[in-house]
Amino acid sequence: MTFLDAYVGWLGNAYPWVKAAHLTFVIFWISGLFLLPRFYVYHHATPPGTAEDRAWIEREERVRSIILTPAMVIVWILGLMLAFHLGAWGEGWFSVKLALVVALTGYQGWMGAYGRKLANGARPLENRTLRIMNEIPGIATAVIVVLVIVKPF
């Protein structure tokens, strides 16, 4: 018996509750990942240093600190609990899903760094690029849902 095998099924009757909580916080996290780049699109158009600029900085910080970061942390904790419960570590679908979740976590980090640039008055990306960046969470979510439901490999 390996270390990972010892945890298969360890959640017992709590499994559906943990799964439901995981999905709920995934929805919160992805909603925040949709919202923040949209805020950046609107913020990008404001002149640095204005009252409107400061208002966008505050809104963006709230999304990051109240929605995104707590939801992401909870998604990771519950997701790892589910992965151990299911013994999913050797499954191909799970490896791809995990890679996408790592990528979304990195995307969130990048979005936070971009927000700091906006707050400092920089506007390094084109508005069109920000609009395209807004599609990343949706595409990743669609692929993750297929991986988890269909388990194609």
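Structure: see above.
Residues numbered from 1 in each chain as written. Predicted model: local features only at pLDDT ≥ 70, side-chain atom pairs only at ≥ 80, totals over all residues. Heavy atoms only, no water.

A. Looking closely at the overall build of the protein chain. A count of helices and strands for the protein chain gives 5 helices and 0 strands. Traced from its N-terminal end to its C-terminal end, the protein chain shows the element sequence α-α-α-α-α. Across its three principal axes, the protein chain shows a C-alpha extent of roughly 60 × 25 × 20 Å. Residues counted as buried form 32% of the 153 residues belonging to the protein chain. The contacts of the protein chain with a sequence gap of at least 6 include a subset with a gap of at least 24, amounting to 81%. Of the roughly 8600 Å² of accessible surface on the protein chain, 69% is carried by carbon and sulfur atoms. Considering the protein chain, the positive charge centre built from 13 side chains and the negative charge centre built from 9 side chains are found 2 Å apart. (Helix = DSSP H or I, 4+ residues; strand = E, 2+ residues; numbered from the N terminus. Buried < 20%, exposed > 50% of the residue type's maximum accessible area, 1.4 Å probe, protein only. Contact = heavy atoms within 4.5 Å. Areas by Shrake-Rupley, 256 points an atom, 1.4 Å probe, with all protein chains shown as cover. Lys, Arg positive; Asp, Glu negative; His and termini not counted. Charge placed at Lys NZ, Arg CZ, Asp CG, Glu CD.)

B. Local environment of the side chain of histidine 43. One can find histidine 43 in helix α1 (residues 15-44). Reaching out from histidine 43, the side chain makes a polar contact with the side chain of glutamate 60 at a distance of 2.7 Å. Once residues lying within four places of it in the same chain are set aside, the contact partners of histidine 43 are Asp53, Trp56, Ile57, Glu60, Leu118, Ala119 and Arg123. (Polar contact = N/O pair within 3.5 Å; in protein donor to acceptor, adjacent residues only side chain to side chain.)

C. Representation of the environment of leucine 118. Residue placement: leucine 118 occurs in helix α3 (residues 92-119). Considering only alpha carbons, one finds leucine 118 and histidine 43, 75 residues apart in sequence, at a separation of 7.8 Å.

D. Focus on the packing of aromatic side chains. Going through the model one piece at a time under the given rule, you end up with 10 aromatic pairs. Pairing phenylalanine 84 with tryptophan 89 gives two aromatic rings, centres 5.1 Å apart and planes at 55°, and the pair type is tilted. In this structure phenylalanine 84 comes out as partly exposed when scored by relative accessible area, which is 23%. Ring pairing ties together the aromatic residues Tyr7, Trp10, Phe84, Trp89, Trp93 and Phe94, which thus form one cluster. A cation over an aromatic ring shows up here: arginine 59 above the ring of tryptophan 56, its NZ or CZ 4.3 Å from the ring centre. Here the basic side chain of lysine 151 rests over the ring of tryptophan 93, its NZ or CZ set 4.8 Å away from the ring centre. (Phe/Tyr/Trp six-rings, centres within 6.5 Å; stacked < 30°, edge-to-face > 60°. Lys NZ or Arg CZ within 6 Å of the ring centre and 35° of its normal.)

E. Local environment of a nonpolar patch on the surface. Side chains of Leu23, Ile27, Phe28, Ile66 and Ile67 sit close together on the surface and give an oily, nonpolar patch of about 470 Å² of accessible area. When residues of the nonpolar patch are traced back to their parent elements, those giving at least two are α1 and α2 (51-86). Here the element with the most residues in the nonpolar patch is α1; it accounts for 3 residues. Topologically, leucine 23 is positioned in helix α1. For leucine 23, a relative accessible area of 51% translates into the label exposed. (Patch = residues over 30% accessible without salt bridge, like charges linked within 9 Å, V, L, I, M, F, W, Y side chains within 5 Å. Salt bridge = Lys/Arg side-chain N within 4 Å of Asp/Glu carboxyl O.)

F. Up close: the pattern of salt bridges. What the rule picks out here adds up to 3 salt bridges. For arginine 64, the salt bridge identified is with glutamate 61, shortest N-O distance 3.1 Å. Separated by 3 residues within a single helix, arginine 64 and glutamate 61 lie in helix α2, roughly one turn from each other. A residue is classified by how much of its surface remains accessible, and glutamate 61, at 41% relative accessible area, is partly exposed.

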